[in-house]
Amino acid sequence: MSLSEKVNGDGESFAFTEDEKYLFDTFGFLVVRNVLTSDEVKRANGAIDAHFDEIRERTLPDLRNTRDNTAFSGDGKKGRMDLGGVLEWGEESKVFKSILAHPKLVAKFHALVGKGYRMDHMPFVIAQDKDSEGFSLHGGTIDCSSGSYNPFIAYTCNNGHIHNSLLACSIQLSDHNAGDGGFCVVPGSHKANFKMPQVMIDGEMYKEFIQQPVTKAGDVVLFSEGTVHGAMAWKGSHQRRVCLYRFAPATSCYGRSYFASEQRTWPSAMYDDLDDAQLSVLEPPYANRLDRPNIEDDGSVVITTRNKNKKQFDRAVFGTKYF
């Protein structure tokens with residue numbers, strides 16, 4: 001049985017549906033419900049609690065993500081908190097590592113980023129306490145601040161095929177109720193052609209066009225980095241928590257941590273206890289036809305390659321396995 005044919009306990013297909021295609025193309029984001037179970041959410045939060053002394057708060061002026069005294073700036077004192085290393089905690093990383101090739105997400109990753117998709121940024125936890133700062137609106141295929149075209153995060157759709165240069169995947173580890181704040185988005189802005197008014201970037205005007213999706217712990221928000229997005233100041237009485245990943249097509253890259261170690265790879269602890277599908281997502285950027293491992297619909301991994309004669313010819317010409 002393929003991933004697209006499997007269903008979860010609620011009868012929801014794992015496939016990327018025609019409805020989801022329409023919604024993502026129209027609005028630039030998608031909420032996938034109940035990706036993690038309540039037990040997985042509990043374990044993920046337990047791992048965060050165990051490493052909470054490593055979290056870093058953005059309090060210095062040049063680390064803050066909003067302009068002072070604007071709608072997204074909160075009380076002006078509490079900053080957003082960031083925690084890295086989520087794939088390097090051994091057994092505590094199991095839930096976080098599952099996202100790399102999660103059966104409820106793989107078909108959606110293939111539809112939005114393509115076969116051979118790869119992790120592009122270090123995933124990290126974002127936490128906000130009540131009245132803490134959010135993040136001014138940013139991003140956009142047409143950068144919302146400058147009005148310049150941004151090919152590194154652009155959204156396009158050609159001949160019925162969606163392409164995201166950079167796809168964000170936000171794992172909700174706490175509830176985000178209406179009015180709580182947190183992640184917000186300007187629906188449809190991935191297709192905008194002009195820069196955004198500064199008063200809208202700061203959340204001071206045109207608030208009716210800025211949406212805060214209501215989500216529950218265990219949901220996943222997928223959004224194009226080409227969609228203008230940000231975060232509202234947190235108003236919830238509980239701590240906001242999400243874990244943010246970014247994925248890119250096989251041949252694309254924005255970040256550079258994939259060769260950060262001495263071995264020119266991701267940090268070595270990330271590779272512990274990964275299955276073949278998860279390992280394939282940590283590959284560096286190169287074309288599928290150059291022996292790239294691809295996740296199949298049934299969750300298995302196959303190597304996509306060229307024919308034997310072409311490979312032998314390249315070795316004879318260049319003296320190396322790959323051109």
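Reference entry: report on the structure contained in this document. Just so it is clear, the model here is predicted, and its values are computed rather than measured.

**Some remarks on helix H7 (residues 308-318)**
A turn of α-helix holds 3.6 residues, and therefore any two residues three or four places apart point the same way. Here H7 starts with a cap whose side-chain oxygen sits 3.1 Å from the backbone nitrogen of Asn-309, and that cap is Asn-307. Directly beyond the C-terminal end of H7, a positive phi value near 75° is found at Gly-319.

**So, the nonpolar core**
Phe-96, Tyr-117, Met-119, Cys-169, Ile-171, Tyr-245 and Phe-247 are the most contacted members of the largest nonpolar core, which totals 49 residues. Of the residues forming this core, the biggest block, four residues, is contributed by helix H2 (residues 38-50). In contact with Tyr-117, not counting residues within four places along its chain, are Leu-100, Ala-101, Val-106, Phe-109, His-110, Phe-247, Ala-248, Ala-250, Ser-280, Val-281 and Ile-295.

**Notes on H2**
Taking 1.5 Å of rise per residue, 13 residues should cover 18 Å, and H2 covers 18 Å from first to last C-alpha, within 8% of that figure. Buried within H2 are the following residues: Glu-40, Val-41, Ala-44, Asn-45, Ala-47 and Ile-48. All buried residues of H2 lie within an arc of 155° about the axis, which places them on one face of the element. Of the residues in H2, the exposed ones pointing more than 90 degrees away from the buried face are Ser-38 and Lys-42. Where H2 is buried, its residues touch strand E3 (81-83), helix H3 (94-98), strand E5 (124-128) and strand E13 (240-248).

**With respect to the pairing of E13**
The element E13 is largely enclosed, with a buried count of nine among its nine residues. Where burial is concerned, the two faces of E13 agree: the one with Arg-240, Val-242, Leu-244, Arg-246 and Ala-248 and the one with Arg-241, Cys-243, Tyr-245 and Phe-247 are both buried. With two bridges joining them, strand E4 (residues 118-119) and E13 adopt antiparallel strand pairing. The partner of Met-119 across the bridge, within E13, is Phe-247. Pairing of E5 with E13 involves five bridges; the strand directions are antiparallel. Bridging across to E13, Val-125 finds its partner in Cys-243. With six bridges connecting them, strand E9 (residues 167-172) and E13 associate as antiparallel partners. In the strand pairing of E13, Ser-170 is matched with Leu-244.

Criteria and cut-off values
- Residues numbered from 1 in each chain as written.
- Predicted model: local features only at pLDDT ≥ 70, side-chain atom pairs only at ≥ 80, totals over all residues.
- Heavy atoms only, no water.
- Polar contact = N/O pair within 3.5 Å; in protein donor to acceptor, adjacent residues only side chain to side chain.
- Helix = DSSP H or I, 4+ residues; strand = E, 2+ residues; numbered from the N terminus.
- Core = buried A, V, L, I, M, F, W, Y, C linked by side-chain atoms within 4.5 Å.
- Buried < 20%, exposed > 50% of the residue type's maximum accessible area, 1.4 Å probe, protein only.
- Contact = heavy atoms within 4.5 Å.
- Expected span 1.5 Å × (residues − 1).
- Arc of directions from axis to C-beta.
- Pairing = 2+ DSSP bridges.

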